[in-house]
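Residues per chain, in single letters:
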Amino acid sequence: MNDISTPPQPAPRKHRLRTILKGILWGALTILVVIVISGWLFARYSVTRAFPQTDGTIQIEGLTGEVEVVRDSMGIPHIYADNVNDLFLAQGYVHAQDRFFQMDFWRKISYGELSSMFGDTQVDTDTFIRTMGWGRLAEAQYEIASSENKAILDAYAAGVNAYLATQSPADLSFEYSILELTNRSYTPEPWTGAQSLAWGKVMAWDLGGNMDAEIERALALASLPPDRVAQIFPPYPGERNPYIVANQDAAKMGTPVDLTLSLNSTVALSSAKAAIDALNRVTGGGAETGIGSNSWAVSGDLTPTGSPFLMNDPHLSSQMPSIWYQVGLHCRTVNDACPYDVVGFSFAGVPGVVIGHNANIAWGFTNVGPDVQDLYIEKINPQNLNQYEVNGEWVDMDIRTETIDVAGADPIEVTVRSTRHGPIISGIYEPLEEFDTAGIDLPEEYAVALRWTGLDVVPSVVGPILGFDRARNFEEFREAGLLFAAPSQNLLYADTAGNIGYQMPGNIPMRAKGDGTLPVPGWTDEYEWTGFIPYDELPAVLNPESGYIVTANNAVIDEAYPYLITQDWDYGYRARRIVDLVTSNPGIDLADQATIQFDSFDLNADRIIPYIELSLMGATDRELTPIELDAISELSNWDRQNFAGSTGAAIWNATWRNLLVRTFQDELPEALWPEGNSRWFEVVGNLLDEPLDPWWNDVTTQGLESRDDVLAAAFYDAVAELDGRLGSDVSSWTWGAIHEMTFINQALGSTGIGIIDDRFNRGPYPASGSKGVVNAVGWTATEGYQVNWLPSMRMLVDLGDLSRSRAIHTTGQSGHVDNEHYDDMIPLWLEGKTAPFLWNKADIEADAEATMLLVP
């Protein structure tokens, strides 16, 4: 034992060094842990500081009375007010609380001001949007709005600004903290009533018309004869697939497409298409044939309750947060002075409910896709490029200068030129000798101008939307639709009195000549618009004898209709399936209607797979490998449902994609390669009956391929692809393993910086559905199988008892990262499930998670 009086001896040098190093190590580790925890806490604070107050009492300037905002367990606000001003002021306030960054980003898109947020990478997009002039149009629409609608727009803006006044940018949304890293000077400006109208221009563009198909036809004619171009733009198959409205007239809906009377201006059109594609990447839109929506209404004769059901699921681009914001707007006493008592889906930044129901009616939208966009080839004066010809005379263009503010750089000035038809969108003037003129004498200098109803100064769609919110019957509903100029929507209707109805609205042009399918000469009046189809002559129906109305972007009415609506419908496969399910199952309840919304049966596969089986049976050049035998067994026994867990769906979709590659990519320019939508269902389906059609032959080989050769080869390619991606165990292949859904933040979800992208995005998730099926969870064959558009919400309304209605949208109510309602709807949406579509105040209060009082 040591003597306590004896001083301790120093440890050996090596031991002392080890002790010192251990201390340093533990100290460094402690500091690192503190840094990590502090960093996490700071990041957490940076996120959560933007979470809005949803409980308690808040004083707001501009209110005249107390407003109650009850948020249910999904974070959906239900607003109760005594007057219209207070109701819409409160809607603006709660939109800003939950989604202001999305609102700010959307207004920057619609005004062509993205460069002020994100720098010079967005100058080209801003230039195109400024050329279109959406912001200027919104300002003009605000000026012509009715006093009633202007008051609502102003009240809404006041509510948004009341929230902005209390928050710094970082307190508004976490995105501003990220944006500050590269753009410290950015501060969002106050909201205006006109800015609520500008987003309507973006949606009108997304759903606007057939311009892409018009350009594609013209480009196809540069390399193919007219008869072969006609094969890849077939007519609507009305003998197999349904029309929305049964026609009683005996006139003509336009003439067959004349592919020989077109200007073939490939370079200028390619330039226009490039600009359009760039814009579509930002807006998430562009009216691709096949992207659309489903809605159907069934009368009480076909429901177990004796009252109508109405279902709707609009198909839009996938994004984070959801494009929709669910809300309830309730006047405490409903009367002429305060006529709103409505629930449904709104756009953040826009007052009112776009789709939903009130106490008397329910309504839904699907896109008509009318031909409201024409491309005119303008003859330019070679001596003065700011002049163009009109009926033999040179006329000055309308020229204006737009200044684009660029974060981190000097402003850029852009010159915008417009003709009588609209803005010049090609951006270049190309000499005649570069083109195949298809027998048409083109001018020495020319440009492409866009005529589009969405660029006309007419009342905005906010007026009709507010009219739907107030409507009490079909007459008032149709009256509200009168001013729904663009984008034209299939307006589906049902009411508590037992009626179902349909109205097609919109400014649909009548042409002096032509059918709008190809660019036309603009230097005479030969192809001018002569007016619009009268509203009373647009297709409509009330209580059809069939007892149902189905709209799925299919043809509205048959060829006997006296006016041209479009030649570019969706080809009706989704509508066919819905009609089959509705008519085969009369009396099904609302839960079964939800099953129809999630139905993923593939009519295209059902048509083609028997031919694939025959091609493999007849193949003499090789025997199937063991993995191919397993694969064809799975495909043959597949139930045709594109569910995420399906092996057959994976094999089919890989085969379909490879079939399109083998059949068309050898002859079509890359810009025209098939994306796999319903038009291509019809193209390939028609070719099945022509086993030696030239499309089947691969022009890059010495041989002469037939239908069976290509079908077999596409199957072999698909099996090899899936083997490489998913392994050799066929039974483990699933559609969801390659068809994945990632919800991407529009503004900051594609930075290429993983830590930022992962913060804002959610996914990937295995996804059911596919193109051309009722559960239209789309993908693009030229890009792979990743989901890029989807049913953006699903709504089912029981008009016999509104409290039994159901609904869901894609992600969640909140736009704030890490908020519990940022992504809580995703699991339900992926599984085809819905949540209660709360209506009665007692049910809302029973489900409430927060109640906020707004007071003057």
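None of the values given here were measured: they were computed from a predicted structure.

### A closer look at the pairing of strand 11 (residues 384-390)
Alright, step 1. Both strand 10 (residues 373-381) and strand 11 contribute to a ladder of two bridges, which runs antiparallel. Bridging from a neighbouring strand, Ile380 pairs with Tyr388 of strand 11.
Alright, step 2. Connecting the antiparallel pair strand 10 and strand 11 is a turn made up of two residues.
Alright, step 3. Note that strand 11 and strand 12 (residues 393-396) share four bridges and pair antiparallel. Each residue of the ladder has a partner; that of Val390, found in strand 12, is Glu393.
Alright, step 4. Taking the residues that link successive antiparallel strands as the turn, the strand 11-strand 12 hairpin has two residues, and the phi of Asn391 there is positive, at about 50°.

### Description of the packing of aromatic side chains
Alright, step 1. Inspection of the entire model under this criterion finds 38 aromatic pairs.
Alright, step 2. Aromatic side chains Phe474 and Phe477 sit 6.4 Å apart centroid to centroid with 25° between the ring planes, which places their arrangement in the stacked category. Taken together, the residues Phe474 and Phe477, both in helix 14 (residues 474-481) and three residues apart, mark about one turn of the helix. Residues Phe474 and Phe477 agree in their burial class; the two are buried.
Alright, step 3. One aromatic cluster in this structure is built from Trp363, Phe365, Phe468, Phe474, Phe477, Phe484 and Tyr493.
Alright, step 4. One Lys or Arg, Arg622, reaches over the ring of Tyr716 and ends 3.8 Å from the middle of that ring.
Alright, step 5. Over the ring of Tyr785 we find Arg657, and its NZ or CZ is 5.1 Å from the ring centre.

### Let's talk about the packing of helix 5 (residues 134-144) against helix 9 (residues 195-206)
Alright, step 1. Here helix 5 crosses helix 9 at 125°, and the two axes come no closer than 8 Å. In terms of their interaxial angle, helix 5 and helix 9 are classed as oblique. The handedness of the crossing between helix 5 and helix 9 is right-handed. Along the contact surface, helix 5 presents Trp134, Leu137, Ala138, Gln141 and Tyr142, while helix 9 presents Leu197, Ala198, Lys201, Val202 and Trp205.
Alright, step 2. Split into classes, the residues belonging to the contact of helix 5 with helix 9 amount to eight nonpolar, one polar and one charged.

### Focus: the packing of helix 18 (residues 626-636) against helix 19 (residues 647-664)
Alright, step 1. Interhelical geometry of helix 18 versus helix 19 gives an angle of 105° and a closest axis separation of 8 Å. Of the possible angle classes, the one that applies to helix 18 and helix 19 is roughly perpendicular. Two secondary-structure elements touch here, helix 18 through Ala631, Glu634 and Leu635 and helix 19 through Thr647, Gly648, Ile651 and Trp652.
Alright, step 2. Of the residues assigned to the contact of helix 18 with helix 19, the class counts are four nonpolar, two polar and one charged.

### Notes on the nonpolar core
Alright, step 1. With 215 residues, the main nonpolar core has Trp656, Phe664, Phe715 and Leu854 as its most contacted residues.
Alright, step 2. No other element matches helix 2 (residues 84-110), which puts 14 residues into this core.
Alright, step 3. If near-sequence neighbours (up to four positions away) are discounted, Phe715 is found in contact with Ile612, Leu616, Glu628, Ala631, Ile632, Leu635, Ile651 and Thr655.
Alright, step 4. Core analysis: the second largest hydrophobic core is formed by 18 residues, Val550, Ala552, Ile578 and Ala594 among them.

### Description of the sheet that holds strand 7 (residues 341-346)
Alright, step 1. In space, the eleven strands of this open sheet follow the order 1-30-2-3-6-7-8-9-17-18-22, with mixed pairing throughout. Edge positions in the open sheet fall to strand 1 (56-59) and strand 22 (540-542), since each of these has one partner strand only. For this sheet, the mean angle separating the axes of adjacent strands, direction not counted, is 15°.
Alright, step 2. Examined bridge by bridge, strand 17 (residues 489-495) and strand 18 (residues 500-503) share four bridges and lie antiparallel to one another. Residue pairing across strands places Ala494 opposite Ile500, the latter belonging to strand 18.
Alright, step 3. With respect to the sheet, helix 2 is in contact with strand 1, strand 2 (67-72), strand 3 (77-81), strand 6 (325-331), strand 7 and strand 30 (848-855), its orientation differing from that of strand 6 by roughly 160°.

### Thoughts on the state of the cysteines
Alright, step 1. Per the stated rule, a full pass over the model turns up one disulfide.
Alright, step 2. Two residues share a disulfide in this structure: Cys331 and Cys338, whose sulfurs sit 2.0 Å from each other. Taking the sign of the torsion about the S-S bond as the criterion, the disulfide between Cys331 and Cys338, at about -80°, is left-handed.
Alright, step 3. The exposure class assigned to Cys331 is buried, which follows from its relative accessible area of 4%.
Alright, step 4. Taking relative accessible area as the criterion, Cys338 reaches 2% and is therefore assigned buried.

### Considering the pattern of salt bridges
Alright, step 1. Across all of its chains, the model carries 39 salt bridges by this definition.
Alright, step 2. For the salt bridge of Arg607 with Glu682, the shortest nitrogen-to-oxygen distance reads 3.8 Å. Of this pair, Arg607 sits in helix 17 (residues 603-617) while Glu682 sits in helix 20 (residues 678-687), and the two are 75 residues apart along the sequence.
Alright, step 3. Among the residues examined, Glu682 registers a relative accessible area of 3% and is labelled buried.
Alright, step 4. Shared partners join several salt bridges into a network, and the residues in it are Glu239, Arg240, Arg607 and Glu682.

### A few points about the side chain of Thr419
Alright, step 1. Its location among the elements puts Thr419 in strand 14 (residues 412-419).
Alright, step 2. Excluding its chain neighbours within four sequence positions, the residues that come into contact with Thr419 are Glu378, Tyr388, Ile424 and Ala449.

### A closer look at the pairing of strand 16 (residues 445-452)
Alright, step 1. Burial of strand 16 is extensive: eight of the eight residues sit out of reach of the surface.
Alright, step 2. Direction of pairing for strand 10 relative to strand 16: antiparallel, over a ladder of eight bridges. Across the sheet, the residue bridging to Asp374 is Arg451, located in strand 16.

### Looking at helix 21 (residues 707-726)
Alright, step 1. If you check helix 21, its first and last C-alpha atoms are 28 Å apart, about what 20 residues at 1.5 Å a residue would give, namely 28 Å.
Alright, step 2. Turning to helix 21, its buried residues are Arg707, Val710, Leu711, Ala712, Ala713, Ala714, Phe715, Tyr716, Ala718, Val719, Glu721 and Leu722.
Alright, step 3. Following helix 21 by one or two positions, Gly727 adopts a phi angle in the positive range, close to 100°.

### A closer look at the sheet that holds strand 14
Alright, step 1. The antiparallel open sheet is built from three strands, whose spatial order is 13-14-15. Every interior strand has two partners, whereas the edge strands, strand 13 (398-404) and strand 15 (422-423), have only one.
Alright, step 2. Two strands pair when backbone bridges link them, and strand 13 and strand 14 are joined in this way by seven bridges, in the antiparallel orientation. The residue of strand 14 that forms the bridge with Glu402 is Val414.
Alright, step 3. Of the strands in this sheet, strand 13, strand 14 and strand 15 touch helix 4 (residues 123-132), which is tilted by about 145° from strand 13.

### Here's the deal with the environment of Val462
Alright, step 1. By secondary structure assignment, the location of Val462 is in helix 13 (residues 462-470).
Alright, step 2. For Val462 and Ile152, which are 310 residues apart along the polypeptide, the C-alpha to C-alpha distance reads 10.0 Å.
Alright, step 3. Setting aside anything within four residues of it in sequence, one finds Val462 in contact with Leu153, Leu197, Val350 and Pro351.

### Regarding unusual backbone geometry
Alright, step 1. Residue Pro321 is reached from Met320 by a cis peptide bond, and omega for that bond is -5°.
Alright, step 2. Mapped onto the elements, Pro321 comes out in the loop between strand 5 (309-317) and strand 6.
Alright, step 3. Following Gly763, the chain continues into Pro764 via a peptide bond in cis, with omega recorded as 10°.
Alright, step 4. Positive phi, close to 75°, is recorded for Arg640, a residue that is not glycine.
Alright, step 5. Examined against the element boundaries, Arg640 turns out to sit in the loop between helix 18 and helix 19.
Alright, step 6. Note on Arg640: relative accessible area 10%, which makes it buried.
Alright, step 7. You will see that Asp818, though not glycine, has its phi angle at about 75°, which is positive.
Alright, step 8. Mapped onto the elements, Asp818 comes out in the loop between strand 28 (806-809) and helix 23 (826-830).
Alright, step 9. Here Asp818 falls in the partly exposed class, since its relative accessible area comes to 29%.

### With respect to the confidence of the model for the protein
Alright, step 1. In the predicted model, the protein carries a mean pLDDT of 90, and the fraction of residues at 70 or more is 88%.
Alright, step 2. Segment residues 248-267: pLDDT under 50, and 71 contacts once partners within four positions in sequence are set aside and those in other chains are kept.
Alright, step 3. Here residues 428-439 is modelled with pLDDT under 50, and outside its nearest four sequence neighbours on either side it reaches 37 contacts, counting other chains as well.

Procedures and definitions
- Residues numbered from 1 in each chain as written.
- Predicted model: local features only at pLDDT ≥ 70, side-chain atom pairs only at ≥ 80, totals over all residues.
- Heavy atoms only, no water.
- Pairing = 2+ DSSP bridges.
- Helix = DSSP H or I, 4+ residues; strand = E, 2+ residues; numbered from the N terminus.
- Phe/Tyr/Trp six-rings, centres within 6.5 Å; stacked < 30°, edge-to-face > 60°.
- Buried < 20%, exposed > 50% of the residue type's maximum accessible area, 1.4 Å probe, protein only.
- Lys NZ or Arg CZ within 6 Å of the ring centre and 35° of its normal.
- Axes fitted to C-alpha atoms, helices over the stretch in contact; angles between N-to-C directions.
- Parallel < 35°, antiparallel > 145°, perpendicular 65-115°, else oblique.
- Left-handed = near helix turned anticlockwise from the far one by under 90°.
- Contact = heavy atoms within 4.5 Å.
- Nonpolar A, V, L, I, M, F, W, Y, C, P; charged D, E, K, R; others polar.
- Core = buried A, V, L, I, M, F, W, Y, C linked by side-chain atoms within 4.5 Å.
- Disulfide = S-S within 2.5 Å.
- Salt bridge = Lys/Arg side-chain N within 4 Å of Asp/Glu carboxyl O.
- Expected span 1.5 Å × (residues − 1).
- pLDDT = per-residue confidence, 0-100.

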